[in-house]
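# Residue-level structural notes
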Amino acid sequence: MSTYLSGIQPTGLPHLGNYFGAIAQHIELPKRGGEHFYFIADYHALTTSRDPAELRLRVREIAITYLACGLDLEHAVLFRQSDVPEVCELTWLLSTVSGMGLLERAVSFRDKVEKGIAPNIGLFMYPALMAADILAYDSNFVPVGVDQKQHVEIARDMAGAFNAAYGQTFVLPDVLMSDNPKVPGVDGEKMSKSYGNTIWMFETGKPLKKLVGTILTDSRAPEEPKDPGGVLLFQFLRLFLSPTELAEWEQRVRRGGDGAPGYGHLKQRLIEALEAHFEGPRRRREELLADPGEVERCLKRGAERARARAAATCDRARAACGLR
Ligand code: ADP
Ligand code: TRP
């Protein structure tokens, strides 16, 4: 039986990139069997967060998002990373067998430094903590977007280094990419909280209309025939429309001429599709917001199951390296 694990940082509202790149897969995978662990990476968020009240709110928001989207808690464990402090100990054990170069090569760390962020030690250690998360549950597969691929490879390297030093202790994980590993933002760059180009998955009404309005287009007239591959809006529409409907819109845009849809039409269709896609989860989210006790109960149950598993792995690693 395979084990699947993934985490999401509570650093902002979950956006379409998080949903189609990660969350949607996390909801679907448990339906096909296997063991599943999904968690809210609040330790990781501390590398950038400085507002305790906001962090608590964000953690709850991610938990509610999973529950509202229908994560089946019979077949998946949903928990808060910090409810399993064993991962901090594992981070240390892994860091003692791993060369500095492994983390110095991490692209996401280097990107942040290049952007002028003064990095704290936690930010540098970020992939080591992520490796501990992955290895603590003997994960075989890590379903994430393409931006996290290198981090999973680092986890694999750290597991290999520990096993080489002390004998078989950790399972080597593999990345599992979704069908939508890189959803674009409204500006055509990768959608990301840190780029300010996101659409919150539960956005609705006027704010949604306004946001969709900002999706990058050009000044070509509707009549002008266009390659749909060069129209950013189609990268959004393909997430929501049936293949048949998508093909029809593409054909009309490719053909151009009288009656061809303009960007305004495409945006209108996207708004309708988005509203419809998340209508059920949006309603469920409202109910959960009004019932914080239920969300806490779910996280507490998840923490107990996750911690038991991580503690066993941590004991194994302690014994292997001679801590007892
Ligand atoms: P962000 O880049 O907005 O801070 P996170 O780092 O919290 O997002 O990512 C949480 C999960 O969502 C990860 O599995 C990540 O790979 C995935 N993800 C984030 N942005 C995108 C995107 N634009 N397309 C596909 N997947 C994404
Ligand atoms: N670094 C991941 C992100 O920003 C979050 C994360 C932390 C994670 N630990 C993990 C993802 C373990 C997968 C597995 O998206």
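## What to know about the site of ligand 1
- In the vicinity of ligand 1, 19 residues are found, and the nearest of them are His15, Gly145, Asp147, Val183 and Lys193.
- Here a nitrogen atom of ligand 1 and a backbone polar atom of Met191 are 2.8 Å apart.
- At 3.0 Å, a side-chain N or O of Ser192 approaches an oxygen atom of ligand 1.
- Within the complex, the protein chains bury 94% of what would otherwise be the 540 Å² of accessible surface of ligand 1.
- Assessed atom by atom at 2 Å from the grid points, ligand 1 resides in the largest pocket.
- The biggest single contributor to the shell around ligand 1 is helix 1 (residues 16-28), with 4 residues.
- Looking at the shell around ligand 1 residue by residue, the class counts come to 6 nonpolar, 9 polar and 4 charged.

## Structural notes on the layout of surface pockets
- Here the largest pocket defines a volume of roughly 1200 Å³.
- Lining of the largest pocket is provided by 47 residues; of these, Gln9, Asp147, Gln148, Lys190 and Ser192 occupy positions nearest its centre.
- Secondary structure elements with two or more residues in the lining of the largest pocket: strand 1 (3-8), helix 1, helix 6 (107-114), helix 7 (121-136), strand 4 (141-144) and helix 8 (149-166).
- Here the residues of the lining of the largest pocket sort into 19 nonpolar, 20 polar and 8 charged.

## Quick notes on the environment of Glu275
- With respect to the secondary-structure elements, Glu275 resides in helix 12 (residues 263-277).
- Considering only alpha carbons, one finds Glu275 and Thr204, 71 residues apart in sequence, at a separation of 6.3 Å.
- The contact partners of Glu275, leaving out residues within four places of it in the chain, are Thr204, Gly205, Leu208 and Arg282.

## Details of the side chain of Glu203
- Here Glu203 lies in the loop between strand 5 (174-177) and helix 9 (205-213).
- For the buried Glu203, which has no salt bridge, the nearest side chain bearing the opposite charge is Arg282, at an N-O separation of 7.7 Å.

## Quick notes on the site of ligand 2
- Neighbouring residues of ligand 2: 14 residues in total, closest His44, Tyr126, Met130, Asp133 and Gln148.
- Separating a nitrogen atom of ligand 2 from a side-chain N or O atom of Tyr126 is a distance of 2.7 Å.
- Note that a nitrogen atom of ligand 2 is positioned 2.8 Å from one of the side-chain N or O atoms of Asp133.
- Relative to its free-state accessible area of 360 Å², ligand 2 is covered by the protein chains to the extent of 91%.
- Its atoms largely coinciding with the cavity grid, ligand 2 occupies the largest pocket.
- Counting residues per element, the ones that place at least two in the shell around ligand 2 are strand 1, helix 7 and strand 4.
- With 4 residues, the single largest contributor to the shell around ligand 2 is helix 7.

## Quick look at the pattern of salt bridges
- In this structure the tally under the stated criterion is 22 salt bridges.
- Between Glu296 and Arg80 there is a salt bridge whose closest N-O contact spans 3.1 Å. Taken together, the residues span a long stretch of sequence, with Glu296 in helix 14 (residues 292-321) and Arg80 in strand 3 (residues 77-80) at a distance of 216 residues.
- On the accessibility criterion, Glu296 (38% relative accessible area) is partly exposed.
- Residue classification places Arg80 among the buried positions, given a relative accessible area of 18%.
- Linking Arg282 and Glu275 is a salt bridge whose minimum nitrogen-to-oxygen distance equals 3.7 Å.
- You can call Arg282 buried: its relative accessible area is 12%.
- What you see here is one network of salt bridges that share partners, running through Glu35, Asp138, Arg309 and Arg316.

## Section: the packing of aromatic side chains
- Per the stated rule, a full pass over the model turns up 14 aromatic pairs.
- Arranged with centres 4.9 Å apart and planes meeting at 35 degrees, the rings of Phe37 and Tyr137 form a pair that is tilted. Taken together, the residues Phe37 in strand 2 (residues 35-40) and Tyr137 in the loop between helix 7 and strand 4 connect sequence positions 100 residues apart. Accessibility assignment for this pair places Phe37 and Tyr137 in one class, buried.
- Among the aromatic residues, those joined into a cluster by ring pairs are Tyr19, Phe20, Trp200, Phe202, Phe240 and Phe278.
- Here the guanidinium or amino end of Arg252 rests over the ring plane of Trp249, the centre of that ring lying 5.3 Å away.

Cut-offs applied
- Residues numbered from 1 in each chain as written.
- Chains lettered and ligands numbered in written order.
- Predicted model: local features only at pLDDT ≥ 70, side-chain atom pairs only at ≥ 80, totals over all residues.
- Heavy atoms only, no water.
- Near = heavy atom within 4 Å.
- Polar contact = N/O pair within 3.5 Å; in protein donor to acceptor, adjacent residues only side chain to side chain.
- Areas by Shrake-Rupley, 256 points an atom, 1.4 Å probe, with all protein chains shown as cover.
- 1 Å grid on protein atoms, 1.4 Å probe; cavity = no way out; pocket = protein on both sides within 12 Å on 5 of 7 lines; lining within 4 Å.
- Sits in = over half its atoms within 2 Å of the grid points.
- Helix = DSSP H or I, 4+ residues; strand = E, 2+ residues; numbered from the N terminus.
- Nonpolar A, V, L, I, M, F, W, Y, C, P; charged D, E, K, R; others polar.
- Points joined across faces, edges and corners; volume = space filled by probe spheres on them.
- Contact = heavy atoms within 4.5 Å.
- Buried < 20%, exposed > 50% of the residue type's maximum accessible area, 1.4 Å probe, protein only.
- Lys, Arg positive; Asp, Glu negative; His and termini not counted.
- Salt bridge = Lys/Arg side-chain N within 4 Å of Asp/Glu carboxyl O.
- Phe/Tyr/Trp six-rings, centres within 6.5 Å; stacked < 30°, edge-to-face > 60°.
- Lys NZ or Arg CZ within 6 Å of the ring centre and 35° of its normal.

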